[in-house]
Each structure stands twice: as C-alpha cells, then as structure tokens.
Amino acid sequence: MIHFLSLVSRRGSHLARQQYDVIVVGGGHAGTEAAAAAARVGAETLLVSQKIQTIGALSCNPSLGGVGKGQLVKEVDALDGLCGRAGDWAGIHFSILNRRKGPAVWGPRAQLDRQRYREFIQSELLSTPRLTVLEGSVEELLVSEPNPEEPGHHIVTGIRLANGSHLISASSVVLTTGTFLSGSLFLGQSMSPGGRIGDAPSSAGLSQTLRERLGLRIGRLRTGTPPRIVKDSVDLSLAHVHPPDSHPTPFSFLNTHTRCKPEEQLPCYLTYTTPGVERVVRESLHLNCHIQQETKGPRYCPSIESRVLRFPGRQHQVWLEPEGVTSDLLYPQGLSMTMPPDVQLRLIREIPAMHRAEIHTPGYGVQYDFVCPTQLSPALQVKSTQGLFLAGQINGTTGYEEAAAQGLWAGVNAARWALSMPPVALSRTESYIGVLIDDLVSRGVTEPYRMFTSRAEFRTSLRPDNADLRLTLKGFEEVGCVSTLRYQEAVRVRDSLQDALAALQALSLSTHNWRKKFPDMRMSEAKSTLLTGMDVLQYNDVSFEMLASAFPECLLPHVEFSQRLKIEAVYRPHCNLQKKEIERIQKEENMSLPQDIDYLSLPVSLSQEVREILDRVRPSTLGAATRLQGITPAAIVHLLNYVRHTGQKERRTHRNQPDRKEREEELCARNAALPQ
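Residues numbered from 1 in each chain as written. Predicted model: local features only at pLDDT ≥ 70, side-chain atom pairs only at ≥ 80, totals over all residues. Heavy atoms only, no water.

What follows is about the nonpolar core. Ranked by internal contacts, the top residues of the largest apolar core, which has 112 residues, are Ile23, Leu141, Leu175, Leu210 and Leu388. By residue number, the principal contributor to this core is helix 11 (residues 400-418), which donates 11 residues. Contacts of Leu141, omitting those with residues within four sequence positions, involve Val156, Gly158, Ile159, Val173, Leu175, Leu206, Thr209, Leu210, Leu214 and Leu388. In terms of nonpolar packing, the next biggest core, distinct from the first, is built from 25 residues, Leu501, Met523, Phe551 and Ala569 among them. (Core = buried A, V, L, I, M, F, W, Y, C linked by side-chain atoms within 4.5 Å. Buried < 20%, exposed > 50% of the residue type's maximum accessible area, 1.4 Å probe, protein only. Helix = DSSP H or I, 4+ residues; strand = E, 2+ residues; numbered from the N terminus. Contact = heavy atoms within 4.5 Å.)

Encoded structure:
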C-alpha cells in the first residue's frame with residue numbers, strides 16, 4: 001500500500017498542463033474499470049480520485065455477484081475487467097445462488113475481505129501500462145465549441161482541478177462520480193455534504209457544469225447503508241448458520257481456484273426482525289428526515305424503515321456477513337437505516353442474536369445527483385457533448401456490478417473516441433451488459449436500477465458459463481480491450497467445446513442400446529428412434545462423465561468441460577425456441593390488450609414492478625406496452641403468450657357456441673319449413 005501511494009504521489013507532481021487521451025473521474029467500481037479498460041485499448045489514461053486510499057473500496061456491502069449481478073461480473077471478466085479476478089482474490093465465502101433453478105439463472109456470489117479487495121484493485125491499476133493515478137478533486141469540465149463533423153453542441157477538452165492550479169487536457173472524459181455528485185449524508189435529523197461517511201462530496205462546480213453549461217437533465221436519488229456491528233457483541237448461536245459452497249467457484253475464466261481454500265471460508269448467519277423492530281421504526285419516524293424525503297430510493301435494497309412501512313407486520317431477513325478474515329465487524333444485510341445512532345442501537349437490540357450488540361459505525365442515508373441516462377448513446381457518451389462519457393450511479397443505477405459493467409464499456413468507448421476509432425456497442429442478444437445499457441439509454445430510470453435475470457429476454461443463452469465465448473473473442477477482435485493471453489485461452493476453450501459437441505453428435509445409438517449402456521437411465525421403452533450423445537446428455541440423470549466412461553476413446557479428452565457441455569446440451573433447444581419467441585413479438589406488436597385485464601393477479605411470471613406499471617398505464621396494444629418505461633422484453637413475452645392463449649380459448653368457445661343471431665336465423669328457417 002505504501003509503495004502504491006508514494007508512486008502515485010510522485011506521478012501526481014508532474015501532471016500540470018499534460019495531455020491525456022482519456023481522463024477518468026472517480027475511483028470506485030465504475031472508475032477503476034473505466035480507467036483500466038481505456039488503457040488496455042491503448043489510450044494514455046489519467047484516473048483522478050479524491051482519496052487514493054479509497055480507490056477500489058467497497059463502500060457498502062462486502063460482497064460481489066448474485067442473481068443477475070453475477071452474470072455481469074462474469075461478462076466484465078470475459079472482457080478482461082478487474083472485478084472478477086479481484087473477487088477470486090478477496091473472496092472469503094463463495095456460493096452459487098438459485099441452484100434449485102436452471103444454470104441460466106444461477107448467481108455466482110462471494111463475500112469479500114474489504115482490505116484484500118481494495119489492495120488487489122490498487123495493485124492492478126499500478127501495474128497497468130499507460131495508466132496514471134492522481135489524488136485530487138475535479139472542479140469543472142473544460143468545454144468548447146464542437147467538431148462540426150460530429151453530432152453534439154459541445155466538446156469536452158479536459159478538466160480543472162478544485163485548487164484551480166491544474167488544467168489537464170484530454171480528448172475524452174469519463175465521469176464516474178457515484179454518490180458524490182452533490183452528495184448529502186443523512187443521519188437522524190442532521191444533514192451534511194458528502195457521498196460517503198468520512199469523505200467530502202464532489203465539487204459543486206462539476207454538477208453546475210453538467211446542469212447549466214451542458215444543459216443536461218439532472219435528477220436526485222437516494223440510497224443507504226446499515227450500521228457496522230462489533231462481531232464479539234453478537235450471539236451467533238441464536239442465528240442460523242449459512243455455510244459456503246464446499247468447492248468455491250471462481251468468477252474469472254482465467255482462474256481454476258480461488259485464493260481462499262475451501263476449509264478457510266467463513267460462514268454467514270441468518271436472523272429475522274421482530275415486532276420490536278417495527279415498533280422502534282414507527283416511534284422514531286419523526287426523528288428521521290431521510291425517510292420523509294420524496295427522493296426515490298432502491299426498490300430492491302430498501303431501508304428497514306421503508307420495508308416496515310410498506311410491509312407492516314412481516315418478518316424480514318437479516319444476514320450477518322463477515323467483513324474480512326481479520327475484521328472484527330459484521331455487516332447486517334437488510335438493516336440499512338438512517339435514524340439517530342441511539343435509536344439504531346435500540347432497533348438492532350430488538351433482534352435476539354443482537355440483544356447485546358454494539359455499533360461500530362452507524363448507518364446513514366445518501367442523496368445524490370444523477371444524469372437522466374436517456375441523454376446517452378449506447379456507447380455511454382452524452383449525446384449533446386462530444387467526448388463526455390458517464391458510468392455508474394451517475395446514470396441512475398445501484399450496485400457494484402452494474403457500475404463496473406458500465407465503467408468498462410464507457411472506458412472502452414472513451415478510448416476509441418480519443419484514438420479516432422468508431423464506437424462499439426453490445427446488443428441485448430449477446431450480453432447482460434447490453435441489456436443494462438439498452439434499458440438505461442432507451443427507457444431511463446425512475447428509481448435506482450438493479451440488474452435481474454428477468455430483464456434479459458435471451459437469458460437461456462446469456463449464461464454465466466458461456467460469457468467468455470460470447471464476449472472474449474469480440475473483445476479482442478473488434479473492441480481491443482482483451483489481452484492476447486486471455487484471447488488464446490478463449491480460443492482453446494471454444495475449439496475444445498466444438499470438438500466435444502461434434503463427438504457427442506457423432507455418437508448415435510438406438511434407445512435399446514442406450515438403455516443397455518445405462519440401465520438406470522430413465523428412458524421411455526416406447527421410444528425406438530436413434531438418439532445422439534447430445535440428446536442423451538439432456539436427461540437429468542445423465543452426466544458427461546458417465547458418457548465419457550462409456551466412450552472413453554472419443555469423450556475422455558473433453559472431460560475438463562463436463563459441466564459446460566451438460567449445460568449446453570440442456571439449453572440448446574430452449575435457446576432456439578427463445579429466438580423464435582422474440583421474432584414473433586416483432587410481428588405481433590399491434591395485438592390488442594383487453595382493457596379489463598387484472599394485471600396485479602395475472603397468472604404469469606411478471607415482477608411486481610411490471611404489474612404496477614401495466615395496471616397504472618393500461619396500454620391498449622402490445623407495442624404500446626413495449627415502450628413503457630420499466631417494462632422488460634421478458635415481461636412482453638409472457639404477456640404475449642397469455643393474450644394469445646386466452647384469445648384462442650375464447651375463439652374455441654365462440655365456435656362451439658353459436659351467437660344469438662345465428663340461433664334466430666336457424667329458428668326462422670325451421671318455422672318456415674313447418675306446414676302453414
């Protein structure tokens with residue numbers, strides 16, 4: 001750490017009036033990924049952070065990944081980003097969430113050692129060629145008249161540091177200000193400027209430049225963090241132990257194992273709120289100015305105050321998570337709060353496992369400015385300002401993983417802009433990063449955006465296991481952000497998987513012979529067709545290792561990829577069907593939606609957020625529904641299937657029951673045939 005700081009300080013003393021290709025403002029998850037990506041593309045890059053010591057810090061929860069979020073980490077790693085390898089180095093509790101469901105929605109996740117994670121990120125930045133780090137605060141952006149050959153009203157030309165002595169020129173600038181852009185901290189009835197406790201907010205001049213000089217639409221969002229609890233003051237025997245996976249699964253495709261050995265992993269603990277917690281929340285509302293604000297907070301990571309008010313009388317989960325191997329603190333996931341410190345202590349002591357708990361650092365709330373992301377291009381460049389890119393919470397998102405993904409892509413495109421290369425984009429069909437960016441720039445946000453697998457309509461093909469095949473080759477051949485070493489490994493994996501799939505497809509036996517090979521396999525005796533090894537691998541009780549033991553000469557060389565081959569076999573037919581569904585939607589955009597649909601109780605897979613939007617707006621057509629802010633393409637698929645299914649049932653009923661006019665005509669005909 002000391003070596004890192006001294007080298008940074010020495011670099012910083014020679015920065016006056018230097019020219020850089022890219023300047024990145026902010027040293028959080030978005031900023032570190034942006035700076036490293038820009039340098040990998042080939043740009044001379046400067047990273048400016050208010051505090052060198054906090055570069056790569058985990059500001060809130062000490063964890064990485066999860067459902068939807070883990071997919072982003074895998075994709076960032078596939079593009080040679082930092083956070084996946086940092087997670088493997090700093091992880092102290094690894095688990096795969098959602099294992100009961102299919103592999104497409106598995107969520108790789110790890111609890112992290114805060115110090116190890118920060119040190120890994122700083123070490124990586126220090127060893128990155130073409131990357132310089134400077135401690136300082138940015139006062140304003142330098143802006144001038146635009147290049148008339150490019151769209152936009154302005155062009156960014158650099159930054160001015162807060163002390164006024166440094167003007168630093170650059171061809172492009174990436175802003176990753178997180179919660180620091182005009183940030184305000186809330187604790188009880190007190191408010192102070194800041195984006196994180198112990199740190200100052202970003203300069204007011206930067207926010208003013210965005211709002212007044214560039215004319216950008218600025219909004220306000222809020223978030224919060226729980227108190228940190230002294231571990232020795234908690235009675236963990238009163239909580240449920242949640243052990244890690246016995247075999248840790250690395251985030252990075254370059255790693256076969258994690259730094260933390262399986263037996264060295266630490267457990268997490270689960271406990272629950274009590275009626276006493278709800279009582280303390282309600283009794284202290286008048287002391288809590290943050291919860292009384294109308295600023296939107298995170299729907300999927302709400303404060304305990306918001307949860308109690310929205311869901312009264314319920315029991316809420318509280319996860320007690322370790323903060324590091326040598327840390328004496330616990331992070332109570334689920335207890336984000338902004339009430340006065342003495343009231344926070346009363347609240348946590350209403351939970352049996354924490355009836356004698358002590359608070360090391362109180363929880364607090366943060367409000368901050370964000371730029372409405374519909375003003376950005378898919379390259380994350382501000383449409384009206386040439387060379388200005390935004391990434392992370394400044395775009396209205398929440399979470400480390402969402403920030404890292406945006407940072408990497410903004411850094412890539414900022415470097416390409418500076419080097420006079422065309423921008424690159426990722427589509428929804430090839431990555432969760434593409435889904436994230438498309439949602440932001442096309443739909444915008446009304447509350448902090450969080451990634452879920454349900455937001456991706458192609459999620460059966462956008463799996464954690466195949467992110468390298470989807471993105472690493474493109475990252476090297478088209479984008480330029482992937483190292484030769486990683487590219488060569490991805491090519492080896494691709495070729496090996498193709499050989500293995502060809503070998504499986506070449507294995508063709510009758511069902512009778514397959515049953516002779518595997519007597520315990522649940523295969524219908526009525527079947528008499530030929531099945532390939534690929535077909536048989538789709539059966540739940542068949543593994544690739546079983547097939548390799550039966551056909552060692554052709555399959556044993558590929559046993560390294562046994563799990564990936566199993567997943568590929570299971571999902572191949574689903575991926576084909578999914579693509580057809582999306583094509584069908586494009587043809588049926590004008591389908592009418594019945595105005596009497598009860599969206600809140602509709603028996604289809606829709607999130608509560610989507611149900612509330614549909615119920616409030618009540619779109620007349622499927623096409624109108626697709627353009628609603630907050631409606632995911634996956635939700636449209638489910639809605640389309642429901643309307644088509646109910647419409648077919650009504651038509652069948654209509655055909656079987658003649659209408660009144662038909663019955664009257666039939667009666668008249670019969671009467672006419674009677675003798676007069």
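Helix length check: helix 13 (residues 467-479) (13 residues) gives 15 Å between terminal C-alpha atoms against 18 Å at 1.5 Å per residue, more than 12% under. Those residues of helix 13 lying buried are Ala467, Asp468, Arg470, Leu471, Thr472, Leu473, Lys474, Gly475 and Val479. Looking one or two places after helix 13, you find Gly480, whose phi comes out positive at around 90°. (Expected span 1.5 Å × (residues − 1).)

Following both chains from N to C, one finds helix 13 and helix 14 (residues 484-506) inclined at 135°, their axes separated by 9 Å at the closest point. With respect to helix 14, the element helix 13 is oriented oblique. The crossing of helix 13 and helix 14 is left-handed. For the pair helix 13 and helix 14, contact is made by Asp468, Leu469, Thr472, Leu473, Phe476 and Glu477 and by Thr484, Arg486, Tyr487, Ala490, Val491, Val493, Arg494 and Leu497, respectively. Across the contact of helix 13 with helix 14, the residue classes break down as 8 nonpolar, 2 polar and 4 charged. (Axes fitted to C-alpha atoms, helices over the stretch in contact; angles between N-to-C directions. Parallel < 35°, antiparallel > 145°, perpendicular 65-115°, else oblique. Left-handed = near helix turned anticlockwise from the far one by under 90°. Nonpolar A, V, L, I, M, F, W, Y, C, P; charged D, E, K, R; others polar.)

On inspection of all chains with the given rule, the structure shows 4 aromatic pairs. Arranged with centres 6.3 Å apart and planes meeting at 35°, the rings of Trp89 and Phe120 form a pair that is tilted. Here Trp89 is found in helix 4 (residues 83-90), whereas its partner Phe120 is found in helix 5 (residues 114-126), with 31 residues between them in sequence. Judged by its relative accessible area of 39%, Trp89 is partly exposed. Among the aromatic residues, those joined into a ring-pair cluster are Trp514, Phe518 and Phe551. Taking NZ or CZ as reference, Arg99 lies 5.2 Å from the ring centre of Trp106, over its face. (Phe/Tyr/Trp six-rings, centres within 6.5 Å; stacked < 30°, edge-to-face > 60°. Lys NZ or Arg CZ within 6 Å of the ring centre and 35° of its normal.)

Time to look at the sheet that holds strand 13 (residues 228-230). The antiparallel open sheet is built from 6 strands, whose spatial order is 14-15-16-17-13-18. Taken across any chain shown, the strands that pair with only one partner, and hence form the sheet edges, are strand 14 (240-242) and strand 18 (359-361). Geometrically, the sheet is characterised by an average inter-axis angle of 35° between neighbouring strands, direction not taken into account. Examined bridge by bridge, strand 13 and strand 18 share 2 bridges and lie antiparallel to one another. Its bridge partner being in strand 18, Arg228 is matched across the sheet by Thr361. (Pairing = 2+ DSSP bridges.)

Another point: the sheet that holds strand 3 (residues 63-65). Ordered by their spatial adjacency, 3 strands build an open sheet running 3-5-4, and the pairing between neighbours is antiparallel. The sheet is open, and its two edges are formed by strand 3 and strand 4 (91-97), each paired on a single side. Each adjacent strand pair in this sheet contributes to an overall mean axis angle of 20°, direction not counted. Two elements, strand 3 and strand 5 (residues 107-112), share 3 bridges in a ladder whose sense is antiparallel. Across the sheet, Gly65 pairs through a bridge with Arg109, a residue of strand 5.

Turning our attention to the pattern of salt bridges. Applying the stated criterion across every chain yields a total of 35 salt bridges. Taking the shortest distance from any N to any O, the salt bridge between Glu278 and Arg282 comes out at 3.3 Å. Taken as a pair, Glu278 and Arg282 lie in helix 7 (residues 275-283) at a separation of 4 residues, close to a single helical turn. Relative accessible area serves as the criterion here: at 39%, Arg282 is assigned to the partly exposed category. The residue Arg428 makes a salt bridge to Asp438 at a minimum N-O spacing of 2.7 Å. Taken together, the positions of Arg428 in the loop between helix 11 and helix 12 (432-443) and Asp438 in helix 12 put the pair 10 residues apart, joining distant regions of the chain. Owing to a relative accessible area of 10%, Arg428 belongs among the buried residues under this scheme. On the accessibility criterion, Asp438 (26% relative accessible area) is partly exposed. (Salt bridge = Lys/Arg side-chain N within 4 Å of Asp/Glu carboxyl O.)

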